[in-house]
Amino acid sequence: MSHATMHKLLSLIDLKVYFPVKRTIGEVLSGRRRFLKAVDGVSFEIGKGEILALVGESGSGKTTVARTVVGLVKPTSGKVLYEGKDIFSLNGEELRRYRRRVQMVFQDPAVSLNPRLRVGVQVKYPLDVNNIGTPEERKERAFKALEAVGLTPPEEFYRRYPHQLSGGQRQRVAIARALVLEPELLIADEPISNIDVSARAQVLTLLKELRRRMGLSMLYITHDLSSAWAIADRVAVMYLGKIVEYGTVEQVFSEPLHPYTRALLGSVPSITPQQMLAVRVALKGEVPNALDLPPGCRLNPRCPFASEACRVSEPLLVDVGGGHLVACHLYSKG
Amino acid sequence: MSLLEVRDLKVSYTTRRGRIEALSGVSLALGEGEVVGVVGESGSGKSTLGQAILRLLPRYAHIEGGEVLFQGRNLLELEEDEMREIRGREIAMVFQDPYSSLNPVMRIIDHFSELYEEHGAGYTREEAAKLAGDILEKMGVPREKLLEYPHQMSGGQRQRVAIALGLALNPRLLIADEITTALDALVEAQIVDLLKEVRHTFKTSILFITHNMGLVAQLADKVTVMYAGKIVEFGNTRDVISSPLHPYTKALLASVPRIGGSKELQPIPGDPPDMRSPPPGCRFHPRCPLATEKCRSEEPPLKLKGDRLVACHYA
Amino acid sequence: MRRPKTFGEWSLLTGGVLTGIVVVLAVFGQYLAQGNVTSSYIYVDSRPVEVPPLLPPLSQVKVGEETRVFYLGTDQLGRDVLGRLLAGARFVLAVALLSTLISGIVGTLLGLISGYTGGLLDRALSVTMDSLYSLPGLIIAIALAALLGTGLWNISMAIAVAYIPSYFRMVRGNVLSLKNMPFVEAARISGAGPLSITVRQILPNTFPSIASLLPITFADAIITEAGLSFLGLGIEPPTPDWGFDLNKGRQFFLAGYWWIGVFPGLAIVVSVLGFLLLGEGLNEILNPKRWEI
């Protein structure tokens, strides 16, 4: 998955994040441990100025990946490399520098902003914490960040409290706060799911502008395929902790290979009667409990194309041409 | 005669920070076996509309005018005990959060028993269990789930149970308020398919409230577009989507990205209005590319243009 | 200002008025009462004149050409009851204020540290505070007052200890529910350390609950102080004190000299009621219930 011409900013190498689960008495006595395998061997890379969309439903592990990249969660195994350095082996000063280069925007702006602090104070806060510049300079930079996200006049918005703003405006404040340290990589965890439809296009357009103007790279997490289409260069589809398909947005969305991808695309409620997909794949049932994963391919109990091989062995990601990867026995060699 | 007719409904909320006009004279009609979508964003009043019809508004809400005619009777004039007979039996409602309909400490079978009892169905325990099991299976939920508690089921199943409860007494009208918003994409698609089935089998009319125009396109015969407490457009779904007349409808449709379509999005400028003091004249004028002096001062009435209702001076 | 509509608004108004009166009287009272507070003599033209004891309210005493009115009468030592009431107010309010501030600051600080740090420290502090909380405030105050002795500071500290657990529990509870909120995670991601997060992000969110607890603590402290002095553990005589006078008045009540004890008692009731209502009203404003928009 490497693009020789691009300078790799972020690399995930076989990342695994397992969460221990509370045990019953019987399990404690028998010494068995159960784990929630939230992320189970995920690898991808993001280059400078690139936007990668991580797409999946709840339980896919996409949010855990995001939280690991920003350091809120520690990996069980595997590596997260930023410009070649393992972020979990950084010491205090280096870690602080990493923090300034990678920032995050959360899903719900109603809770990702402090309800009792003024907007401007919150946008300025990362600068205070890192002791950057003089107080006047910090205020100036906060104004600039507010302007950059379209909240003008910045002096007016600086003074307001979050509850005085609309959902879309709040999310823009959250973006301004993430931008004020001038990061290189932005992790956006479902940034538009909790805001009004008319504000979504504003935020998406803003994010794309920021990539154009600042060369900002992005890891864009979503369950909404349409927004992934609009904003991302590449997309990785996740199911139960693994990547099942990966490629450019054109590759994956116009020629979806994995049954799960096809089911997802087919489920997008479209206002035009026919979807991009010729055949809609229907999966049986719902996402199973992540604690009791089926053997073999994780989709096999629900997949209409499941065969014996699917029930026995997990398919690996293979390149079917041009960097389009899929993990499915339908496409495995031999 | 329409099954449901709302005439000039006005609802306001009294809050600590002032009076909010949630619905400013809303009218709509729904026929037998019809599915009508109500599309709007936050502040549009769409949820208030659903709650007002069943008189389930919170205590700080006030119905200030208008009529809600169900099979000819004005629901707003009924006593509470008469309303209770209608709720669940003639008109049912399903909410975004299934826990609004499901009691976490009651088994599913108990939910049905309670429902049957309240409406004096007089079933024995065996009869109730059989009927409840039947309707659950029609909703794609195995009969065994009757003995479970809500938390033991997935979000999609809970919503199916909520719909089953809604349909248990074969109501004429089902009000679905953002029932898929909290669900995953694949589950959402399953529920949409389910509703199509329901409509076909039970011949129930559905008032489908949502912010997602795509869902409306899949399900509804007609669509009502709401903005800031008013209806701005109403007509056949296919027509409204292919040739929207109101600038807001046009902008809304254009701002949603479509897979395979252009990646350059057209956002709607500005923000939704503060409902404590909505803009004068046409409420959409601050964000409308066509706004003129007339729009700023005069509220456009809902006018008939062909078989479409539009509230715009320039549609 | 519009007419109060809810119970909370009425409370705030009434409480505000009552406490306002009490505070004003405490601060400016000395100019109102020219009576003798600690001694049995009043000075007229630099000559001491003894004041008769046990005079009923509105008694007049002729001293030379002047006539002094003792509006609330005199006590068993001829001291002006009104004067003692006003002077006592200053002392009582001072103790209440001091203990409220001490308990508020200490309890909040400990709650913040304990809640955010977690682990063994949190466990140890919680257990200690819970034990303290389970004891009646007056008992704690008595025990500490006996230990620390008398004087404004010592009494205030003895009383303060009884209220520290309330602030601790409340602030710790707030911190626990806040520390996993996304805005706190966002602060961590910007590189903020625990000190910055607790003080600049979490603390402002605890202000409403602290603010609504303060008047209630104040009211409670008044009662506890009165209780201490009633039992003889408060400030030493002849410093005027409501609790002390209440106790003394008890003895004379049955003999018919009701004004000596009743007025201090009323003063306690009115002040406590005022502050409780104030707290109630403040609580409604600062912590609006969820189901109102």
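What you are looking at is a predicted structure, and each value in this text was computed from that prediction instead of being measured. (Residues numbered from 1 in each chain as written. Chains lettered and ligands numbered in written order. Predicted model: local features only at pLDDT ≥ 70, side-chain atom pairs only at ≥ 80, totals over all residues.)

*Asks:* Explanation requested: the overall build of chain A in the structure shown.
*Replies:* Across its full length, chain A holds 13 helices and twelve strands. By the compact-globule yardstick of 20 Å for 334 residues, chain A fits well, its C-alpha radius of gyration being 21 Å. Of the contacts made within chain A by residues no fewer than 6 positions apart, 62% connect residues no fewer than 24 positions apart. (Helix = DSSP H or I, 4+ residues; strand = E, 2+ residues; numbered from the N terminus. Rg over C-alpha atoms; globule rule 2.2 N^0.38 Å. Contact = placed C-beta atoms within 7 Å.)

*Asks:* Looking at this structure, I do not really get the overall build of chain C. What am I missing?
*Replies:* Secondary structure summary: chain C contains nine helices and four strands in total. Taken from N to C terminus, the helices and strands of chain C fall in the order α-β-β-β-β-α-α-α-α-α-α-α-α. With respect to the principal axes defined by its C-alpha atoms, chain C has extents near 80 × 50 × 35 Å. Buried positions account for 44% of the 293 residues belonging to chain C. Sequence separation of at least 24 residues holds for 68% of the intrachain contacts in chain C that already meet a minimum separation of 6. (Buried ≥ 20, exposed ≤ 12 C-beta atoms within 10 Å, placed from the backbone.)

*Asks:* Where do I start with the sheet that holds strand E2 (residues 35-47) of chain A in this structure?
*Replies:* Strand pairs in the sheet, formed through backbone hydrogen bonds, run parallel or antiparallel to each other. Residues and elements named next belong to chain A. The strand order E2-E1-E4-E5 describes an open sheet built from four strands, whose pairing is antiparallel. Because the sheet does not close on itself, it has two edges, and the strands there are E2 and strand E5 (85-86). As paired elements, strand E4 (residues 77-82) and E5 share two bridges and run antiparallel to each other. Considered in E5, the bridge of Tyr 82 is made with Lys 85. Of the strands in this sheet, strand E1 (8-20), E2 and E4 touch helix H2 (residues 62-69), which is tilted by about 115° from E1. (Pairing = 2+ DSSP bridges. Axes fitted to C-alpha atoms, helices over the stretch in contact; angles between N-to-C directions.)

*Asks:* Just to check I follow, could you spell out the interface of chain A and chain B for this structure?
*Replies:* Interface size is often expressed as the accessible area that is lost when the parts come together. Contact residues are listed per partner, giving 30 residues for chain A and 34 residues for chain B. Those elements giving two or more residues to the side of chain A that touches chain B turn out to be helix H8 (167-179), helix H9 (197-214), helix H10 (225-231) and helix H12 (259-267) of chain A. Sorting elements by how many residues they give to the side of chain A that touches chain B places H9(A) first, with six residues. For the side of chain A that touches chain B, the class distribution of residues is 14 nonpolar, 13 polar and three charged. (Nonpolar A, V, L, I, M, F, W, Y, C, P; charged D, E, K, R; others polar.)

*Asks:* Got a minute to help me understand the pairing of strand E6 (residues 102-105) of chain A in this structure?
*Replies:* A regular strand places its side chains on the two faces of the sheet in alternate fashion. Residue and element names in this part refer to chain A. Along E6, one buried face is formed by Val 102 and Met 104 and the opposite face, lined by Gln 103 and Val 105, is buried too. Both E6 and strand E7 (residues 185-189) contribute to a ladder of four bridges, which runs parallel. Residue pairing across strands places Met 104 opposite Ile 187, the latter belonging to E7.

*Asks:* I'm lost on the packing of H12(A) against helix H6 (residues 185-202) of chain B in this one. Help?
*Replies:* One can describe the packing of H12(A) onto H6(B) by two numbers: an axis separation of 9 Å at closest approach and a directional angle of 55°. Classified by the angle their axes make, H12(A) and H6(B) are oblique. The interaxial crossing formed by H12(A) with H6(B) has left-handed handedness. Here A:Ala263, A:Leu264 and A:Ser267 of H12(A) lie close against H6(B), whose contacting residues are B:Ala185, B:Leu186, B:Glu188 and B:Ala189. Grouping the amino acids of the contact of H12(A) with H6(B) by side-chain chemistry returns five nonpolar, one polar and one charged. (Parallel < 35°, antiparallel > 145°, perpendicular 65-115°, else oblique. Left-handed = near helix turned anticlockwise from the far one by under 90°.)

*Asks:* For this particular structure, what's the right way to read the nonpolar core?
*Replies:* Soluble globular proteins tend to bury their nonpolar side chains together. Grouped together as the largest cluster of nonpolar side chains are 258 residues, with contacts concentrated most on A:Ala53, A:Ala176, A:Ile187, A:Leu219, A:Tyr220, A:Ala228 and B:Phe208. Among residues more than four places away in sequence, those in contact with A:Ile187 are A:Ala66, A:Val69, A:Val70, A:Val102, A:Met104 and A:Leu219. (Core = buried A, V, L, I, M, F, W, Y, C linked by C-beta atoms within 7 Å.)

*Asks:* Help me out: how do you make sense of the pairing of strand E1 (residues 4-15) of chain B in this one?
*Replies:* All names here are of chain B. Looking at chain direction, E1 and strand E2 (residues 18-30) are connected through ten bridges and run antiparallel. From the neighbouring strand, Ser 12 faces E2, where its bridge partner is Glu 21. The antiparallel pairing of E1 with E2 creates a hairpin that spans two residues between the two strands. With eight bridges joining them, E1 and strand E4 (residues 61-70) adopt antiparallel strand pairing. If you follow Arg 7 over to E4, its bridge partner there is Glu 67.

*Asks:* Just to check I follow, could you spell out the sheet that holds strand E10 (residues 230-236) of chain B for this structure?
*Replies:* Residue and element names in this part refer to chain B. Taken in spatial order, the eight strands line up as E6-E7-E8-E3-E9-E10-E12-E11 in an open sheet, and their pairing is mixed. The strands lining the two open edges of the sheet, one partner per strand, are strand E6 (91-94) and strand E11 (303-305). On average, each strand axis in the sheet is inclined to that of its neighbour by 20°, with strand direction left out of account. Taken together, the five bridges between strand E3 (residues 35-39) and strand E8 (residues 205-210) define a ladder with parallel strand orientation.

*Asks:* Looking at this structure, I do not really get H12(A). What am I missing?
*Replies:* An α-helical turn contains 3.6 residues, so any two residues separated by three or four positions project in the same direction. Most of H12(A) sits out of view: nine of its nine residues are buried. Among all positions of H12(A), only A:Pro259, A:Tyr260, A:Thr261, A:Arg262, A:Ala263, A:Leu264, A:Leu265, A:Gly266 and A:Ser267 are buried. Next to the buried residues of H12(A) lie H10, strand E9 (234-239), strand E10 (242-248) and helix H11 (249-254) of chain A together with H6 of chain B.

*Asks:* Would you take a moment to explain the confidence of the model for chain C for this structure?
*Replies:* Residues and elements named next belong to chain C. In the predicted model, chain C carries a mean pLDDT of 87, and 96% of its residues have values of at least 70. Mean pLDDT in chain C bottoms out at strand E1 (residues 41-44), which sits at 74, and peaks at helix H3 (residues 119-134), which reaches 95. We note a pTM of 0.87 for the whole complex and an ipTM of 0.88 for its interfaces. (pLDDT = per-residue confidence, 0-100.)

*Asks:* What is the right way to look at H3(C) in this model?
*Replies:* With 16 residues, H3(C) should reach 22 Å at 1.5 Å per residue; the first-to-last C-alpha distance of 23 Å fits that figure. For H3(C), a buried count of one out of 16 residues is recorded, marking the element as mostly open to its surroundings. (Expected span 1.5 Å × (residues − 1).)

*Asks:* When you look at the confidence of the model for chain A in this model, what are you seeing that I'm missing?
*Replies:* The predicted coordinates of low-pLDDT regions are not to be read in fine detail. Residue and element names in this part refer to chain A. Taken as a whole, chain A shows an average pLDDT of 89; of its residues, 95% reach a score of 70 or greater. Confidence scores differ between elements of chain A, with helix H1 (residues 25-30) showing the lowest mean pLDDT of 77 and strand E3 (residues 51-55) the highest of 97. Every residue in residues 1-6 is under pLDDT 50, and counting partners more than four places away or in other chains gives seven contacts.

*Asks:* Sorry if this is basic, but what is going on with the packing of helix H4 (residues 137-148) of chain C against helix H5 (residues 152-178) of chain C here?
*Replies:* The packing of two helices is summarised by the inter-axis angle and the distance between the axes. All names here are of chain C. Their axes nearest at 8 Å, the elements H4 and H5 cross at an angle of 145°. Crossing of H4 against H5: the hand is right-handed. Contacts between H4 and H5 involve Gly 137, Ile 140, Ala 141, Leu 144, Ala 145 and Leu 148 from the first element and Asn 154, Ile 155, Met 157, Ala 158, Ile 159, Val 161, Ala 162 and Tyr 163 from the second. Along the lines of polarity and charge, the residues of the contact of H4 with H5 split into twelve nonpolar, two polar and no charged.

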